[in-house]
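# Structure at a glance
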Amino acid sequence: MKKWAVFLCLGLLAILLFLTACRPAATPDRVETQPPATSPAVDDIQPTATRPAATPTAIPSPTPTPQPTLAPPAVPLDRIAQGRRLGRGVNLGNALEAPKEGEWGMVLQEEYFRLIAEAGFDTIRVPIRWSTHALEEPPYTVDEDFFQRVDWVIENGLANGLNVVINMHHYEEIFEKPSAHAERFIAIWEQIATRYEDMPDSVYFEPLNEPHGQLTQDKWMRILGDTILAIRRIDNRHTLIVTGAEWGGYRGLQSLRLPEGEENYVCTFHSYEPMLFTHQGATWSGTGYQTLGVTWPGPPATPVTMDPEAAKVSWVFSWFRQYNTYPYETNPAGPKPIRDAFDRAVRAAEQQGCALWLGEFGAFEQADMQSRINWTRFVREEAEARGMSWAYWEFGSGFGVYDRAAEQWHEGLLKALIPDVSQR
Ligand code: GLC
């Protein structure tokens, strides 16, 4: 073969080899994209990089980061109906909110629940001092015996057809050092929610009685928000009862802030207006409350002489001047301060969209019985005229509607609260 022909053959061979090397690899896609004998369920098809762009909807979107909002309960409760349901109630005061039950002269008895239900009450509010029955350090475990005592109260309330409001009362340390006690406060509520999550809807949780002191509205709204989120992670069904700072008066209701999505709550406030009538002679009220003989309504038939110590307190001095002289309509122990406060509370609740529960009102035993009856009837009627449910403070101690020594109701007081039930 001629030399040039050899080069030509080698050249052609090289070109042939080059073209073979540049050929794409075998096209397995074609084979793999053939439908299998049994098609996978649509959900099993994993998105791949080669998936045609025409089907982007099959690519799942990334899992969103969970938000601290609330999942709706299986059967959402109507919060307005839950507020109305509380109806007419009474506080089981001075028992479980004493440092230890019995220390304040009141030990709850089984018969009280029946008496309360038969008298026509719908609800018991149970003030409870959890803070003296829980560990000081994490995990802040609540004493089992104490829990069993609260179980017993709830069971007896329910067995008598009563709604039961479980609260947290007299957590004194949180009023002094809110931040230092927030974690413990929430941990106690987590235990309460866990223990009672299976209870019926007629059990309510009230996070804190009368926030005050260093627990300002701002701090309280933050702690309350965290508490609600913690409770809702455990129990998304029971109705909560919420209040503002400044001793749970109507003012705190005006700037309530609850976690987004929280719908199942009732608003509450307390009213002891005027304090110089309802708390006359109450040792725990401080200077200014020593003057006895304050009647309701004012003005009194003969002017009341102030206790000399109380007269040194300027606001007390001017209150008594008005009380002794102003006519009924404008008297500080008359209808106006009560109506004004109630109207403001109603406005605040309307803005918030919640039902309103007057969770405490009452007049101490140092006032004369007729004045206590007059005041109690007036407050109860004004509350009901505005669609509020209420709970009288309290069952059988210093403000008591029931006389435990005589084993009978203070008939006049009871009628002032429940005028239309004859069965006693
Ligand atoms: C508040 C207090 C309670 C007191 C009542 C009447 O609820 O917490 O202890 O007896 O008001 O003063």
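Refer to the preceding data block for the structure.
Since the structure is predicted, the reported quantities are computational estimates derived from the model, not experimental observations.

What counts as what
- Residues numbered from 1 in each chain as written.
- Predicted model: local features only at pLDDT ≥ 70, side-chain atom pairs only at ≥ 80, totals over all residues.
- Heavy atoms only, no water.
- Near = heavy atom within 4 Å.
- Polar contact = N/O pair within 3.5 Å; in protein donor to acceptor, adjacent residues only side chain to side chain.
- Areas by Shrake-Rupley, 256 points an atom, 1.4 Å probe, with all protein chains shown as cover.
- Nonpolar A, V, L, I, M, F, W, Y, C, P; charged D, E, K, R; others polar.
- Helix = DSSP H or I, 4+ residues; strand = E, 2+ residues; numbered from the N terminus.
- Expected span 1.5 Å × (residues − 1).
- Buried < 20%, exposed > 50% of the residue type's maximum accessible area, 1.4 Å probe, protein only.
- Contact = heavy atoms within 4.5 Å.
- Phe/Tyr/Trp six-rings, centres within 6.5 Å; stacked < 30°, edge-to-face > 60°.
- Core = buried A, V, L, I, M, F, W, Y, C linked by side-chain atoms within 4.5 Å.
- Disulfide = S-S within 2.5 Å.

## Things to note about the site of the ligand
Around the ligand, the neighbouring residues are His-169, His-170, Asn-209, Glu-210, Tyr-272, His-279, Trp-284, Glu-360, Trp-393 and Phe-399. At 3.0 Å from an oxygen atom of the ligand is found a side-chain nitrogen or oxygen belonging to His-170. Within the side chain of Glu-360, one N or O atom sits 2.6 Å away from an oxygen atom of the ligand. Look at the ligand: alone it shows 310 Å² of surface, and the protein chains cover 87% of it. When its residues are assigned to classes, the shell around the ligand shows four nonpolar, four polar and two charged.

## Focus: helix H13 (residues 369–385)
Along its 17 residues, H13 runs 24 Å from first to last C-alpha, staying within 8% of the 24 Å computed at 1.5 Å per residue. Burial in H13 covers these residues: Ser-371, Arg-372, Ile-373, Trp-375, Thr-376, Phe-378, Val-379, Arg-380, Glu-382 and Ala-383. Each element contacted by the buried residues of H13 is listed here: strand S1 (88–91), helix H10 (275–278), helix H12 (335–352), strand S7 (356–360), strand S8 (389–392) and helix H14 (411–417). Here H13 starts with a cap whose side-chain oxygen sits 3.3 Å from the backbone nitrogen of Gln-370, and that cap is Asp-368. Positive backbone phi, approximately 80°, marks Gly-387, located one or two places after H13.

## Topic: the packing of aromatic side chains
Per the counting criterion, the structure on display carries 27 aromatic pairs. Aromatic pair Trp-130 and Phe-146: ring centres 5.6 Å apart, planes at 90°, arrangement edge-to-face. Taken together, the residues Trp-130 in the loop between strand S2 (123–126) and helix H5 (144–159) and Phe-146 in helix H5 connect sequence positions 16 residues apart. There is no split in this pair, since Trp-130 and Phe-146 are both buried. Note on Phe-361 and Tyr-392: the rings are 5.6 Å apart at their centroids and 85° apart in plane angle, and the pair reads as edge-to-face.

## Things to note about the environment of Ala-193
Relative to the helices and strands, Ala-193 is located in helix H7 (residues 178–196). For the pair formed by Ala-193 and Arg-233, sequence separation is 40 residues and the distance between their alpha carbons is 9.4 Å. Apart from residues lying up to four places away in sequence, Ala-193 is in contact with Phe-205, Ile-231, Ile-234 and Asp-235.

## Structural notes on the nonpolar core
By size, the foremost hydrophobic cluster in this structure holds 107 residues, and its most contacted members are Phe-121, Trp-130, Ile-166, Phe-185 and Trp-409. Looking at this core, the element that brings in the most residues is H7, giving eight residues. The next biggest cluster of nonpolar side chains, apart from the first, holds seven residues, and it includes Leu-86, Val-165, Trp-357 and Ala-391.

## Thoughts on the state of the cysteines
Within the structure shown, the criterion is met by one disulfide. Disulfide pairing places Cys-267 opposite Cys-354 at an S-S distance of 2.0 Å. Taking the sign of the S-S torsion, -100° for the link of Cys-267 and Cys-354, the bridge is left-handed. Highlighted residues: Cys-267 in strand S6 (residues 265–270) and Cys-354 in the loop between H12 and S7, separated in sequence by 87 residues. Given the relative accessible area of 1%, Cys-267 is considered buried.

Any functional reading would require information beyond the geometric quantities listed.
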